[in-house]
Amino acid sequence: MENVLVTGGAGFIGSHLCDFLLEKDYHVICVDNLLTGNEKNISHLLNNENFEFINHNVTKYIKINKSLNYILHFASPASPIDYLELPIQTLKVGSLGTHNTLGLAKEKKATFLLASSSEVYGDPLVHPQPETYWGNVNPIGPRGVYDEAKRFGEAITLAYHRVHKIDTKIARIFNTFGPRMRINDGRVVPNFISQALENKPLTVYGDGSQTRSFCYISDMVDGVYRLMLFNETDPVNLGNPEEMSIIDFAKKIKKLTKSNSKIIFEDLPVDDPKVRQPDITRAKEVLGWRPKVSLDEGLKNTISWFRSSRL
Ligand code: UDP
């Protein structure tokens, strides 16, 4: 049995990864300090003999007594509101946390996978975004703490690959949604769904013409798993290219929830990217991966999860 360590394993994507890996018969070690993760996301795994939970902040030295085959570094605050509230923790987990987890990968001779982000492209001037685009990031804006941490993470990951010859992978993850997102994490999917279910106004920021492309969690986990196994060191975009404006997204949520909510307009956050859509040519070619779950199907699952988890 192979051992996989998942940092941020009690978070949204991390906990789904833990589920998936256990089903594939890996032994899973989940490391999380529960800053934005939640023990509820892994409570169903705590009695599984192939699952271990370690409450630890990966910005501090990590000691693991077992051999490790893979390290998946997913720990980080991941919502724009989190970056505003936790800017230093966001910078530290992306820099010191990535350094520590790379050091662990070196010691254990483990394959290392970094959860990077479409935020490395900032407010992109190239659309859709291929991996070859270097991005347009404001280093000192409120989102800069996340963007620059992820960019540093990519840089140090490739430095460890080049200098220490460790096997590394970089997933550039675009907007992902599904059950276990925090209802109050401030991102558009939980915000609109919870507002619609409570018949409160849906808060569209700016005029809603900015676009995003949303990927369902099961597709994302499948893509990350393939990347973990495939021999590809260059960054790979993972996301669903189905792009839509935020105003259309608000209308879609209203329709799917059959809500009478109004749509209201609020200030656009600083440096909010105007467009975002992954070019997934590389993922298709290298991993044989493409998203399978449509936006509507994924949203229906997510809405019913939010309905039942609020009871
Ligand atoms: N957004 C919005 N209303 C909300 C929350 C977000 O209009 O209540 C917008 C936000 O300005 C951005 C998009 O939805 O343009 C996606 O925001 P999110 O926070 O989900 O993540 P981002 O893609 O910006 O990292």
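### Overview of the overall build of the protein chain
A count of helical and extended segments in the protein chain gives nine helices and 13 strands. Over its C-alpha trace the protein chain gives a radius of gyration of 19 Å, about what one expects of a compact globule, namely 19 Å for 311 residues. Principal-axis analysis of the C-alpha atoms gives the protein chain an extent of 55 × 45 × 35 Å. Counting the 311 residues in the protein chain, one finds 57% classified as buried.

### Topic: the site of the ligand
Residues in contact with the ligand amount to 18 residues; listed here are only the nearest, Thr203, Tyr205, Arg212, Asp272 and Arg276. Within the backbone of Tyr205, one N or O atom sits 2.7 Å away from an oxygen atom of the ligand. Residue Arg212 places a side-chain N or O atom 2.7 Å away from an oxygen atom belonging to the ligand. Protein burial of the ligand: of its 520 Å² of free accessible surface, 96% is covered by the chains. At the level of elements, helix 5 (188-197) and strand 8 (202-205) are the ones that each hand at least two residues to the shell around the ligand.

### Focus on the nonpolar core
With 58 residues, the main nonpolar core has Leu21, Leu72, Phe74, Met228, Leu238 and Phe249 as its most contacted residues. Sort the elements by how many residues they give to this core and helix 6 (residues 217-229) lands first, with seven residues. Those residues in contact with Leu238, other than ones at most four positions away along the chain, are Ala171, Arg172, Ile173, Phe174, Met220, Gly223, Val224, Ala283, Leu287 and Trp289. Core analysis: the second largest hydrophobic core is formed by 21 residues, Ala105, Phe112, Ile156 and Leu158 among them.

### A look at the packing of aromatic side chains
Per the stated rule, a full pass over the model turns up eleven aromatic pairs. Between Phe20 and Tyr225, the ring centres sit 5.1 Å apart and the planes meet at 65 degrees, which makes this aromatic pair edge-to-face. Taken as a pair, Phe20 in helix 1 (residues 12-23) and Tyr225 in helix 6 lie far apart in primary sequence, 205 residues in all. A centroid spacing of 6.0 Å and a plane angle of 15 degrees characterise the contact between Tyr121 and Tyr133, whose relative ring orientation is stacked.

### Looking at the environment of Ala115
Mapped onto the secondary structure, Ala115 falls in strand 5 (residues 111-117). Residue Ala115 is classed as buried on the basis of its relative accessible area of 6%. Counting along the chain gives 53 residues from Ala115 to Thr168, while the straight-line C-alpha distance between them is 11 Å. Those residues in contact with Ala115 that lie beyond four places of it in its chain are His73, Phe74, Lys150, Ala171 and Ile173.

### Digging into the side chain of Asp222
Looking at the secondary structure, you find Asp222 in helix 6. Dropping the residues within four chain positions of it, Asp222 is found in contact with Trp289 and Lys292.

### Description of the state of the cysteines
Going through the model one piece at a time under the given rule, you end up with zero disulfides. Just so you know, Cys30 is unpaired, no disulfide at all, and the nearest cysteine sulfur is the one on Cys18, 4.6 Å from it. Taking relative accessible area as the criterion, Cys30 reaches 0% and is therefore assigned buried. Cysteine Cys215 is unpaired, with the sulfur of Cys18 as its nearest cysteine sulfur at 18 Å.

### Thoughts on the side chain of Asp123
In this structure, Asp123 sits in the loop between strand 5 and helix 4 (144-164). When its relative accessible area of 18% is taken as the criterion, Asp123 is described as buried. At 2.6 Å, the side chain of Asp123 forms a polar contact with the side chain of Lys274. Not counting residues up to four positions away in its chain, the partners in contact with Asp123 are Asn136, Asp272, Pro273 and Lys274.

What counts as what
Residues numbered from 1 in each chain as written. Predicted model: local features only at pLDDT ≥ 70, side-chain atom pairs only at ≥ 80, totals over all residues. Heavy atoms only, no water. Helix = DSSP H or I, 4+ residues; strand = E, 2+ residues; numbered from the N terminus. Rg over C-alpha atoms; globule rule 2.2 N^0.38 Å. Buried < 20%, exposed > 50% of the residue type's maximum accessible area, 1.4 Å probe, protein only. Near = heavy atom within 4 Å. Polar contact = N/O pair within 3.5 Å; in protein donor to acceptor, adjacent residues only side chain to side chain. Areas by Shrake-Rupley, 256 points an atom, 1.4 Å probe, with all protein chains shown as cover. Core = buried A, V, L, I, M, F, W, Y, C linked by side-chain atoms within 4.5 Å. Contact = heavy atoms within 4.5 Å. Phe/Tyr/Trp six-rings, centres within 6.5 Å; stacked < 30°, edge-to-face > 60°. Disulfide = S-S within 2.5 Å.

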